[in-house]
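These are the residues of each chain, in order.
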Amino acid sequence: MPNEVRHILVLCMYFLYNLLITLGFILTSPYLFLQLLIHPAEWCGRLGLYSLKHKRDIKNPVWLHAASVGEVGMLPPLIFQIKKLYPPQKIIISTMTFTGQKKAKETLMDYDVLFLFPLDLPWAIGRLFSFFRPKILFLAETEIWPNLIRIAKHYSCKVVLINGHLSDRSCSSYKRFGFFFRKVMKNFDFLFVQTEKDAKRFECIGAEPEKIKVVGNLKYETMPIEMRDKSSLKNQFSIAEEAKIFVAGCTRSGEEEIILQAFQMLKEKFPFLFLILAPRHPERFNEVSSLLKQKGFQFLRQSRLNAECGMRNAECGILLLDSIGELASVYALADFAFVGASLVPLGGHNPLEPAAYGIPVLFGPYMDNNQDAANQLKTSGSGIEVKNSEDIVSVISLLISNKEECQERGKASLRVLEENRGVTRRIVQLLTDKRLL
């Protein structure tokens, strides 16, 4: 295809892309206007509207963008390394979601401005760059926004992808518009990706090979290795000291039935086994509660634990974690854990979160979103793939019956995390060497 024709096609794709998102903006404008009235501080950022209080004395900041909670969790080591090398450097942070904003406010320090990511409309993105004029933009994992990246280059802002990951499915989707995304990807100055497979996929959709560097998974870096007093935690959750605790975290629709079937069979062999069930989304708490009632299980809801303290959890055998922000504490309680979105084809959640507490981690076969971490845990013996309730029964029976093996698998989890640390330092050093920071 001649270059002139390719260039025209790219311009047409940008026009079509902008037409579609503009139509979407117009159709949703009543809702956006309402949100702007109710939450002006939050929604001004969505529209690229910033006040002088955002500006302060910020000049040429480093901009870190993270989609949601998981990506926000990767930022502390990066902020630390940047501030270590360049203490006066100003940092601005954006997130795509409100939960990401909340996580950032709770866990991040040493930043200057926090705001919601603007809609990928040329005028909204343009206002942001005109206002802040960042010198470098870090995008996490697969935050590939055509207008954002194009306008960044217009303002001479370096664009760097960190913890880049691309599944086969996403790669196929991008390839459908290959001539367009090849142009988008060429605007990246550097892409730090998790694995060789990710490198090949990014190259396949148009990233220039010399700009791609395989450095590993930043999530190893951000998982604090934690050893906490389980006795005091058990007392906090009203769980008997002798109980063996199985945590099923971030479960999705279709997985609770499998977990409960396995738990029912295990409970007959091990009456001291205790299950903590933590659905991923708050809107499913009542649905999972109804399922537990339907199946005839005795259980308590974490939100009502104080009101129902007369009945100890140990007598029920199941705690439904219907609260937000407590899963990390619950993983610290566990003797072994299951990571959800993996028994159903949803890509799997991060298995390093429970692994950081030195316990064996179970997950299903659908771990596309965290395949490298799953493979490393499996290779070490700390990660165990299960396909159904029978597999879960078999694995947990072994872990309960063989205390030494359970402990060794837990130690292997910690070794995997230790062996993969140092990714952020390598990224910042490489950017410094290439004068991009």
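Every value quoted in this text rests on a predicted model; they were computed, and no experiment measured them.

Chemist: Requested: an account of the overall build of the protein chain, with residues and values cited.
Modeler: Helix and strand content of the protein chain: 22 helices and 14 strands. What you see for the protein chain is a C-alpha radius of gyration of 24 Å, in line with the 22 Å of a compact globule of 437 residues. The principal-axis extents of the C-alpha atoms in the protein chain amount to approximately 70 × 45 × 45 Å. Every one of the 437 residues in the protein chain was classed for burial, and the buried ones make up 54%. Pairs at least 24 residues apart make up 67% of the contacts formed inside the protein chain by residues separated by at least 6 positions. If you sum the accessible surface of the protein chain, you get close to 20100 Å²; carbon and sulfur atoms cover 54% of it. With 55 positive and 45 negative side-chain charges, the protein chain shows a separation of 7 Å between the mean positions of the two kinds.

Chemist: Give a description of the packing of helix H14 (residues 255-269) against helix H15 (residues 285-294) that names residues and reports values.
Modeler: It is at 11 Å that the axes of H14 and H15 come closest, and there the two elements cross at 35°. As H14 packs across H15, the resulting crossing turns out to be right-handed. Counted together, Glu256, Glu257 and Leu260 of H14 and Val288, Leu291 and Leu292 of H15 form the full contact between these two elements. Within the contact of H14 with H15, the residues separate by chemical class into four nonpolar, no polar and two charged.

Chemist: Requested: an account of the sheet that holds strand E10 (residues 300-301), with residues and values cited.
Modeler: Here seven strands make up an open sheet; going across it, the order is E10-E11-E9-E8-E12-E13-E14 and the pairing parallel. At either margin of the open sheet sits one strand with a lone partner, and together these are E10 and strand E14 (383-385). One ladder, built from three bridges, connects strand E9 (residues 273-279) with strand E11 (residues 318-320); its direction is parallel. Residue Leu275 lies in a different strand from E11, and its bridge partner there is Ile318.

Chemist: Please give an account of the pairing of strand E6 (residues 190-193) that cites residues and values.
Modeler: Taking every second residue as pointing to the same face, both faces of E6 are buried, with Phe190 and Phe192 on one and Leu191 and Val193 on the other. Relative to E6, strand E5 (residues 158-164) is paired through three bridges, and the arrangement is parallel. Across the sheet, Gly164 pairs through a bridge with Val193, a residue of E6. Sheet topology note: the E6/strand E7 (residues 212-214) ladder contains three bridges and is parallel. Bridging across to E7, Phe192 finds its partner in Lys213. A crossover links E6 with its parallel partner E7, the connecting element being helix H11 (residues 196-204), and its sense is right-handed.

Chemist: Outline the side chain of Thr95, listing residues and values.
Modeler: Mapping Thr95 onto the fold places it in strand E2 (residues 91-95). One polar contact links Thr95 to Gln101, side chain to side chain, over a distance of 3.0 Å. If near-sequence neighbours (up to four positions away) are discounted, Thr95 is found in contact with Arg46, His65, Ala66, Ala67, Val72, Gly100, Gln101, Leu114, Phe115, Leu116 and Phe117.

Chemist: Kindly report on the pattern of salt bridges, identifying the contributing residues and their values.
Modeler: Under the criterion given, the structure shown has 16 salt bridges. Notably, a salt bridge pairs Glu106 with Lys102, separated by 2.7 Å at the nearest N-O pair. Here Glu106 and its partner Lys102 are both found in helix H6 (residues 98-107), four residues apart, which amounts to about one turn of the helix. Taking the shortest distance from any N to any O, the salt bridge between Asp198 and Arg201 comes out at 3.7 Å. Separated by three residues within a single helix, Asp198 and Arg201 lie in helix H11, roughly one turn from each other. The pair formed by Asp198 and Arg201 is uniform in burial state, with each residue classed as buried. Salt bridges here are not isolated pairs; linked through shared partners, they connect Asp168, Asp198 and Arg201.

Chemist: Go over the confidence of the model for the protein chain with me, naming the residues and quoting the values.
Modeler: On average, residues of the protein chain carry a pLDDT of 87, and 93% of them reach 70 or more. The secondary structure element of the protein chain with the lowest average pLDDT is helix H3 (residues 52-55), at 54, and the one with the highest is strand E13 (residues 361-363), at 98.

Chemist: Summarise helix H19 (residues 371-380); cite the residues concerned and give the values.
Modeler: For H19, every residue scored as buried is listed here: Ala373, Ala374 and Leu377. One side of H19 holds all its buried residues, which, seen down the axis, span an arc of 100°. Close packing links the buried residues of H19 with helix H12 (218-222), helix H18 (352-355), E13, E14 and helix H21 (403-419). Just past H19, the residue Gly381 takes up positive phi, approximately 95°.

Chemist: Account for the nonpolar core, with residues named and values stated.
Modeler: With 39 residues, the main nonpolar core has Trp63, Phe129, Ile144, Phe188, Leu191 and Phe202 as its most contacted residues. For Phe202, the contacting residues outside a window of four places in its chain are Glu141, Ile144, Leu161, Gly164, His165, Leu166, Met185, Leu191, Val193, Ala207 and Ile212. One finds Ala243, Leu321, Leu333 and Ala373 within the second-largest nonpolar core, a separate group that totals 37 residues.

Chemist: Could you give an account of the sheet that holds strand E4 (residues 136-140), with specific residues and numbers?
Modeler: What the seven strands build is an open sheet, ordered E3-E2-E1-E4-E5-E6-E7; its pairing is parallel. Sheet topology places strand E3 (113-116) and E7 at the edges, where each strand pairs with a single neighbour. Neighbour-to-neighbour, the strand axes of the sheet open up by a mean angle of 20°, direction not taken into account. Here helix H8 (residues 146-154) sits on the sheet and contacts strand E1 (62-66), E4 and E5; the angle it forms with E5, its principal contact strand, is near 140°.

Chemist: Quick rundown of the side chain of Asn370? Include the residues and the values.
Modeler: With respect to the helices, strands and loops of the structure, Asn370 is situated in the loop between E13 and H19. Ignoring sequence-local partners within four residues, the contact set of Asn370 consists of Lys219, Gly347, Gly348, His349, Asn350 and Pro351.

Each value, and the rule that gives it
Residues numbered from 1 in each chain as written. Predicted model: local features only at pLDDT ≥ 70, side-chain atom pairs only at ≥ 80, totals over all residues. Heavy atoms only, no water. Helix = DSSP H or I, 4+ residues; strand = E, 2+ residues; numbered from the N terminus. Rg over C-alpha atoms; globule rule 2.2 N^0.38 Å. Buried < 20%, exposed > 50% of the residue type's maximum accessible area, 1.4 Å probe, protein only. Contact = heavy atoms within 4.5 Å. Areas by Shrake-Rupley, 256 points an atom, 1.4 Å probe, with all protein chains shown as cover. Lys, Arg positive; Asp, Glu negative; His and termini not counted. Charge placed at Lys NZ, Arg CZ, Asp CG, Glu CD. Axes fitted to C-alpha atoms, helices over the stretch in contact; angles between N-to-C directions. Left-handed = near helix turned anticlockwise from the far one by under 90°. Nonpolar A, V, L, I, M, F, W, Y, C, P; charged D, E, K, R; others polar. Pairing = 2+ DSSP bridges. Right-handed = clockwise from strand over helix to strand, strands pointing away. Polar contact = N/O pair within 3.5 Å; in protein donor to acceptor, adjacent residues only side chain to side chain. Salt bridge = Lys/Arg side-chain N within 4 Å of Asp/Glu carboxyl O. pLDDT = per-residue confidence, 0-100. Arc of directions from axis to C-beta. Core = buried A, V, L, I, M, F, W, Y, C linked by side-chain atoms within 4.5 Å.

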